[in-house]
Amino acid sequence: AQEFCTRSRAGFGCCVAAVDGILIWVERPNMSECRKAKCGPRKFFCGRKHKHGLNCQAVADARGRFLDMTIQFPGSASDVLSFKASALYGKLRAGLLAPDLCLFGDNAYLNTSFMATPYSNTSSGSKDAYNFYHSQLRIRVECAFGMFVHRWGILRRAFSHFISLSKITSMVTCLGKLHNFCIDE
């Protein structure tokens, strides 16, 4: 929270991490992989990005390290659905954070006691100012994704359908740990 507070011109001292999702690009999965995933190939298609993929939810600290990373759903799944299915969400609901601390997420998430989201449909006034300062901290996860994809070029193209979805998930999680190691070292 202190690291985020130093990056906030508004002095937000409640943010401990920023959360968002990234599409891990894959070629259209074959039917065998779809059966293992218990969904059809259409579910892997993300209409917003016009690509097949996996929804990767990540939580980043102020330095861009990943504190949590979960890949459980195909690309068509919403960020809020994917986040709610994560083990971290259950821990947050059970009281993982002190009452005055929270994660910052965009409007794809629900505002709760442990998640602060921006106001919708504002263009001026104190709510718009809040949204501006909120985005200053939330951008840390976007920057983490940028470093992550830039550092590991394999993430800039589609994983082959010859690689199983479970191996892709394991590889991305491993790359996330190596990403943190590179930042720390």
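Let me sum up the structure you'll find in this document. (Residues numbered from 1 in each chain as written. Predicted model: local features only at pLDDT ≥ 70, side-chain atom pairs only at ≥ 80, totals over all residues. Heavy atoms only, no water.)

1. As for the overall build of the chain
Phase 1 of the analysis: Assigned secondary structure in the chain consists of six helices and six strands.
Phase 2 of the analysis: By the burial criterion, 41% of the 185 residues in the chain qualify as buried.
Phase 3 of the analysis: Long-range pairs, those at least 24 residues apart, make up 61% of the contacts in the chain with a sequence separation of at least 6.
Phase 4 of the analysis: Accessible surface for the chain amounts to roughly 10,100 Å². Of this, 54% is attributable to carbon and sulfur atoms.
Phase 5 of the analysis: Across the chain, the mean location of the 24 positive side-chain charges is 7 Å away from that of the 13 negative side-chain charges. (Helix = DSSP H or I, 4+ residues; strand = E, 2+ residues; numbered from the N terminus. Buried < 20%, exposed > 50% of the residue type's maximum accessible area, 1.4 Å probe, protein only. Contact = heavy atoms within 4.5 Å. Areas by Shrake-Rupley, 256 points an atom, 1.4 Å probe, with all protein chains shown as cover. Lys, Arg positive; Asp, Glu negative; His and termini not counted. Charge placed at Lys NZ, Arg CZ, Asp CG, Glu CD.)

2. Let's talk about unusual backbone geometry
Phase 1 of the analysis: The phi torsion at His-50 lies on the positive side, around 60 degrees, for a residue other than glycine.
Phase 2 of the analysis: With respect to the secondary-structure elements, His-50 resides in the loop between strand E2 (45–46) and strand E3 (51–60).
Phase 3 of the analysis: Even without glycine at this site, Asn-121 takes up a positive phi of about 55 degrees.
Phase 4 of the analysis: Locating Asn-121 in the fold gives a position in the loop between strand E6 (115–116) and helix H5 (125–151).
Phase 5 of the analysis: Given a relative accessible area of 82%, Asn-121 falls into the exposed group.

3. A short note on helix H6 (residues 165–184)
Phase 1 of the analysis: The first and last C-alpha atoms of H6 sit 29 Å apart over 20 residues, in line with the 28 Å expected at 1.5 Å per residue.
Phase 2 of the analysis: Leu-165, Ile-168, Val-172, Leu-175, Gly-176, His-179, Asn-180 and Ile-183 are the residues of H6 that are buried. Buried residues of H6, seen end-on, are gathered within an arc of 145 degrees and therefore sit on one face of the element. Residues of H6 that are exposed and point over 90 degrees away from its buried face: Ser-166, Lys-167, Lys-177 and Phe-181.
Phase 3 of the analysis: Taken together, the buried residues of H6 touch strand E1 (15–25), helix H2 (31–37), E3, strand E4 (66–74) and H5. (Expected span 1.5 Å × (residues − 1). Arc of directions from axis to C-beta.)

4. Here we look at the pairing of E1
Phase 1 of the analysis: Burial of E1 is extensive: nine of the 11 residues sit out of reach of the surface.
Phase 2 of the analysis: In this sheet, strand E5 (residues 102–104) lies alongside E1 in parallel orientation, the contact comprising three bridges. The residue bridging Cys-15 from the neighbouring strand is Cys-102, located in E5.
Phase 3 of the analysis: The pairing of E1 with E3 spans eight bridges and is classified as antiparallel. Paired with Asp-20 across the strands is Ala-58, a residue of E3. (Pairing = 2+ DSSP bridges.)

5. Some words on H5
Phase 1 of the analysis: The first and last C-alpha atoms of H5 sit 39 Å apart over 27 residues, in line with the 39 Å expected at 1.5 Å per residue.
Phase 2 of the analysis: By the largest-angle criterion, Leu-137 marks the main kink of H5, which is about 35 degrees.
Phase 3 of the analysis: Within H5, burial applies to Asn-131, His-134, Leu-137, Val-141, Ala-144, Phe-145 and Phe-148. (Bend = angle between axes of the 7 residues up to and from the residue.)

The quantities given are spatial measurements derived from coordinates; they are silent on function.
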